[in-house]
Amino acid sequence: MDGILEKRKKQIHRTDEAKFDMECGKASLAGSVSQRACVFCGSRVVLYPITDALHLIHGPIGCASYTWDIRGATSSGRQLHRMSFCTDLTEKEVIYGGEKKLYKSLCTLIDKYKPAAAFVYATCIVGIIGDDMEAVCRKVEKEKGIRVLPVMSEGFKGTKKDGYKAACDAISELVGTGDTSGISKHSINILGDFNIAGETDIIRSYYERMGVEVVATITGDGRIDDICKAHGATLNVVQCSGSMTHLAKEMQAKYGIPYVRVSYVGIEDTSAALYDVAEKLGSEEIMEKTRELVAAEVAKIYPELLEIKKDLEGKRAAVYTGGAFKAFSLVRSLRTIGMIAAVVGSQTGNKEDYEQLRELCDPGTILVDDTNPVELSKFMQEQNIDIFIGGVKERPLAFKLGAGFCDHNHERKIPLGGFEGMVAFAKEVHASVMSPVWQFARKNKG
Amino acid sequence: MTMTQEEKEKDVSRNACKLCTPFGACLAFKGVTGSMTLLHGSQGCATYIRRYMISHFREPIDIASSNFTEDTAIFGGQKNFGTAVENVIRQYSPALIGIATTCLSETIGDDIKMLVHMFKKDTEVENLPEIVHVSTPSYNGTHSDGYYSTIRAISDTLVEKTGFCTDNVNVFPGMVSPADLRYLREIISSFNDNYVFFPDYADTLDGPSWDEYRPIPEGGEKIENIRSAGDSAGTIELFSCLDDKNSAGKLLEDKFGVANYRIGMPIGIRKTDAFIDALERITGSHAPAWLSAERGRLVDSYIDAHKYIFGKKAVVFGDEDMVVGITSLLSEIGITTVAAVSGGKSGKLESEIKRNNDASCDKAMIMDNSDFEDMAEAIEKLKPDLLIGNSKGYMLARKLKIPLVRTGFPVHDRFGGARIQHVGYRGTQQLFDRIVNAIIEKRQKDGDWGYTYM
Ligand code: SF4
Ligand code: SF4
C-alpha cells in the first residue's frame, strides 16, 4: 500500500514533471479523509464576520455546535455573530417539515436580539425535507421590517466554493439598497478579508492613511448598513479570490464598479495591493502617500525580518490552504525569510492556479489538490519538511511527525496580514522551527 | 423548589450545550484497537467532527466520509458506500470499520444493514475487517446517545458466548478523559488480569510522538477481548443517563445472562465506593491496599479543606452523566449545587441527581434539554460562586466574574484537556484540589490585602 489511491494520482504533481494537467474541482473520493468541509461551511465562513446580523442555522444541532465561536473574526462593535443559533431540528420536523419551527425561531430571535438583518443557512437535511425557506424568510421580513436572507447552503450540493457563491448571493441582495450620498470618489470596498484577529482593521488603517475612504468591509468587521451602500464605492478590492470574486463580478455588471484582486499576505503582495489601488483611483496625491506608507512600514519591519531569516535560511515548508490564491502569497512570504515551499496544495484550487503555482515554485515541489492525511504524511516525510503551514486539522499530524506548525487559517488568534502581519508570520514560523523540543522527536534520534 | 425543564418544546437553540450523535460514535470507535470510522453522509459532518476533537485532544483524528453528492442524496448512498468502505480498507487496513450514519443518510433512508450485507456479498476484497454499524441520526439524541449506542452496537456485533464461565468483568466507561481511562484500567487490572474494558481511547487520543506515520494510532481494547465479554461474570456501566434500549450492559444481560451493574460516573467517594464494591462482587477479589490508601488521602484532604468551600454555590453543566457525578461530589464536600444544566435529554438527569444525593440538591434547578443562554438567564439571580463544566462556559464565567473549573469535553481554551482527571479516588482528588484552589484564588485576587498564605 503506497497510500495514494489510484484515482487520486491526477490531483498530485511535481513541478519538475513534464506533462502538467491538474485535475481539480473534483468531488472528494468516497471513503477518503478529506480536509474539505461542505457548502454550508463555505457560506458560514464568508458571512460569519458580519457582526450585527443574526445568523440562524436551519438544521440539526451538530452543524451549529461545531461552528460556534471557533473563528478568530473580531468586531469593533456588536458581537452578535459570536452566538450560535440553530433551529435544532428533531425527528418530528424531519417528518412533518421544519417551516413552522423556523418561523417561530426567527421571530423569537429577532424580537430578542434586534439584529440589523438575518441570515438563515440551509443545511443538508433541509435540502431533503424540502422546507420552503425562502417563503418563510419573506414572511418574517414583512412582519419584522428587517432583511431576512436565505442562504442556500445545503452541505451536499457542491463544494465549499458553492457555499461562497451562496453567501455572495445573499450579500448582493443587500448591496444597492442604502443611501450613497456623500461618499468620496476616492473610495473602495474591502472584499474577502475576514478580520481574523483584527486584520481588516489593520488593512483599513492603511487605506485611511493613504487618503482612501473605505465604504464597506465585506465581510470582516462587517455591518449591514455599510454593505447596503457598498455600491457607492469607486473600486472593489478583492482578497481571497475564491470567496468574493463572484460578488465583485456581479457588482461590476450591475453598478459598473471595477475590481482588483489583491493579497495582503507578505511584504511584496501587500505593497503591490496598495500601489494597485492607488493607481486605479488615479490620484497622484494618494500615490504619494502610498509610497510614503510602504517605505515607512517596510523600514519598520525589515531589520527584524533579516534577523529571523538568519535562522530560517534553507528550511523547508509544506503549505496547504483553502483557496490557492493564499498559497501564492505564502510561497513568496516564505522566500522573504529564506525558506523553501517543498509541498504546496489547496482544497479548492483550479487548473490555472496550479499552473501559476508551478511557475512560481522551485523545481521538485509537490503540488497537490484536495489531499488527505495519509498522503500529506507521505509528502512531508519524503520532502523532509521542517514546518507545516495550514489549518488546525493538520496540526497534530505535523507535530506527531516531528515537524513544526503555523496556523494560517481562520481559527488563529494572531493577525498575519499586512506588514505587521508579515513579522507576526515570521515569528510564528521561527518559534516553531527553532524550538528545542524537536530534539526529542524520534525522527531526530537516529 | 425544584424546577424541571419538562419536555418543553424549544423554539430555538442558542449556544448549544450538546453535540451531535455521530460525534459520540466517533469517540467510542476510537476505543477499539485498529478501528477506523466511516461516516455515511456528506463530507462536512466528518470534517467538523474531526476538527472539534482535534482542538481538544491535539491528536491526529481521521474520520472518513462516504462524501455524498447531490446524486447520492437523490438516488441513495449504495454506490458511495461500497467504494467508501473499499477505499478505507485500502488506505488504513483497519481491523474494524465503524460505520455511523449522519442526519442526511438517515433522512433519505439508507438501509445500512442491507448495504453492509450487499457489500460483503459483492466485494472482491479478501480478509474483510469487522464491520460494525450504528444508527446515529442527530435529530434524535445527542453525542451521549451516539456514544452509548455505539458501545451497544459493538457488543451486539462482536460478543460471543463460548459457554466457558469466568470471573472476568466487563467495564464500560463513560465519556471521560484519556487520563481517566488509563487510571480506570489500572484499577480494574488490580482486581483481575482478565477483563474487558472499552471504549478505551486512552492511547489513541493521547499517544506518544511517532517515529513513523501510522494510519491508525496504537491503543484501544482488543477485538479478541471484546468478543469474550459474553463469558464474564458481570458488567459495570459507569454511566446511567440512558435508556435500556441503548445499553450494552442490558444487551449482554439479556443475550448471555451477564449481570449488569449500572453505577454511573464514579466521581466522589460514595460513587467510587460503589464502583469498587461492584468490582469486588464480580471478581471475588479485594481492593488492593494502594486503592484504600488513595481513598484515605482523599478523605483527609476533604477534611483539611472543608472550611474554604462550605456553603459555596456552584452551577454544574455539561454531559448528563458527568453532571450527575459532579453534583454527587459537591454534596459530599459542602458545596451547594444551585443549578445542574445539560443539553442532554435522556429524561434521567433529575432522577439520577436525586438518587445520588441527599437533601443538599433539593434547591437545585435541574435543567436538561437546555443550552447556554437558557443557563445564563436562569442563573442570573442565583449568584453562583463558581461554574464547573466545559470550556464553552467561559464567556458566562467572564461575564459573572467567577471562576470556571474546566471539566469534561470540550476544553478548547486550555492546554491538556486529555489529561484532566475526574473519576475514581485519584481523579476526584485532582478535581477536588482544583475546585478548592479556584475558590481560594478568587478570594485571594478579590481581597485587598493579598494574603500570601491561606
Ligand atoms: S448533519 Fe447531523 S450528523 Fe452532520 S454535523 Fe449536522 S447534526 Fe451532525
Ligand atoms: S450536515 Fe451538511 S451542512 Fe451540516 S455539516 Fe454536514 S455536510 Fe455540512
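Just so we're clear, the structure is a prediction, and the values are computed from it rather than from any experiment.

What counts, and where the lines are drawn
- Residues numbered from 1 in each chain as written.
- Chains lettered and ligands numbered in written order.
- Predicted model: local features only at pLDDT ≥ 70, side-chain atom pairs only at ≥ 80, totals over all residues.
- Heavy atoms only, no water.
- Helix = DSSP H or I, 4+ residues; strand = E, 2+ residues; numbered from the N terminus.
- Expected span 1.5 Å × (residues − 1).
- Buried < 20%, exposed > 50% of the residue type's maximum accessible area, 1.4 Å probe, protein only.
- Arc of directions from axis to C-beta.
- Domains from an automatic or database assignment.
- Contact = heavy atoms within 4.5 Å.
- Buried area = accessible area lost by both parts, 1.4 Å probe.
- Salt bridge = Lys/Arg side-chain N within 4 Å of Asp/Glu carboxyl O.
- Polar contact = N/O pair within 3.5 Å; in protein donor to acceptor, adjacent residues only side chain to side chain.
- Phe/Tyr/Trp six-rings, centres within 6.5 Å; stacked < 30°, edge-to-face > 60°.
- Lys NZ or Arg CZ within 6 Å of the ring centre and 35° of its normal.
- Pairing = 2+ DSSP bridges.

K.L.:
So what exactly am I meant to see when it comes to helix H6 (residues 133-144) of chain A here?
P.N.:
Counting along an α-helix, one turn takes 3.6 residues, and residues three or four places apart therefore face a common direction. Residue and element names in this part refer to chain A. With twelve residues, H6 ought to run about 16 Å at 1.5 Å a step, and its terminal C-alpha atoms sit 16 Å apart, in line with that. Regarding H6, the residues found buried are Met133, Val136, Cys137 and Val140. Buried residues in H6, looked at end-on, bunch into an arc of 100°, giving them a common side. Following H6 by one or two positions, Gly145 adopts a phi angle in the positive range, close to 70°.

K.L.:
Even after reading the chapter, I still don't get the domain arrangement of chain B, so can you show me in this structure?
P.N.:
One widely used convention gives an interface's size as the accessible area the parts lose upon coming together. Residue and element names in this part refer to chain B. Taken domain by domain, chain B consists of domain 1 (21-140), domain 2 (169-283) and domain 3 (295-446). The gap between the C-alpha centroids of domain 2 and domain 3 is 24 Å. Opposite the 27 residues of domain 2 that make contact, domain 3 presents 35 residues. Across the domain 2/domain 3 interface, buried area totals approximately 2,600 Å², and carbon plus sulfur atoms make up 54% of it. The largest contributions to the domain 2 side of the interface with domain 3 come from Cys241, Ile267 and Ile269, which together make up 26% of the buried area. At the boundary of domain 2 with domain 3, the tally comes to five salt bridges. Asp273 serves as the salt-bridge partner of Arg295, at 2.6 Å between the closest nitrogen and oxygen. Between the two partners, domain 2 and domain 3, sit 17 residue pairs in polar contact (both at pLDDT 80 or more). Every element with two or more residues in the side of domain 2 that touches domain 3 is listed here: helix H8 (178-189) and helix H11 (269-283).

K.L.:
Would you mind going over the packing of aromatic side chains with me for this structure?
P.N.:
The geometry of an aromatic ring pair comes down to the distance between the two centres and the angle between the two planes. Inspection of the entire model under this criterion finds 24 aromatic pairs over all chains. Taking 6.1 Å as the distance between ring centres and 50° as the angle between the ring planes, the aromatic pair formed by A:Phe399 and A:Trp438 counts as tilted. With A:Phe399 in helix H16 (residues 395-400) and A:Trp438 in the segment after helix H17 (418-433), this residue pair connects regions lying 39 residues apart in the sequence. Look at A:Phe399 and you get partly exposed, because its relative accessible area is 36%. One aromatic cluster is present, built from ring pairs that chain together A:Phe40, A:Tyr66, A:Tyr121, B:Phe23, B:Tyr48, B:Tyr52, B:Phe57, B:Tyr201 and B:Phe409. Here the basic side chain of A:Arg44 rests over the ring of A:Tyr121, its NZ or CZ set 5.5 Å away from the ring centre.

K.L.:
Before we go on, may I ask you to explain the interface of chain A and chain B in this structure?
P.N.:
Across the boundary between the two partners, chain A contributes 68 residues, which contact 67 residues of chain B. Carbon and sulfur atoms supply 60% of the area buried between chain A and chain B, which totals about 6,000 Å² over both sides. Among the residues chain A hides against chain B, the three largest losses belong to A:Tyr66, A:Trp68 and A:Lys400. Together they make up 15% of the total. Viewed at the interface, chain B and chain A are joined by four salt bridges. Between B:Asp11 and A:Lys104 there is a salt bridge; the shortest N-O distance is 3.6 Å. Seen at the junction of chain A and chain B, the total is 18 residue pairs in polar contact (both at pLDDT 80 or more). For the side of chain A that touches chain B, the secondary-structure elements that each account for two or more residues are helix H1 (39-47), helix H2 (61-65), strand E3 (85-86), helix H3 (91-96), helix H4 (99-113), helix H5 (124-129), helix H15 (373-382) and H16 of chain A. Considering each element in turn, the side of chain A that touches chain B owes the most residues, seven residues, to H4(A). Alignment of E3(A) against strand E1 (residues 13-14) of chain B, held across two bridges, turns out to be antiparallel. Residue pairing in the sheet places A:Cys86 in a bridge with B:Ser13 of E1(B).

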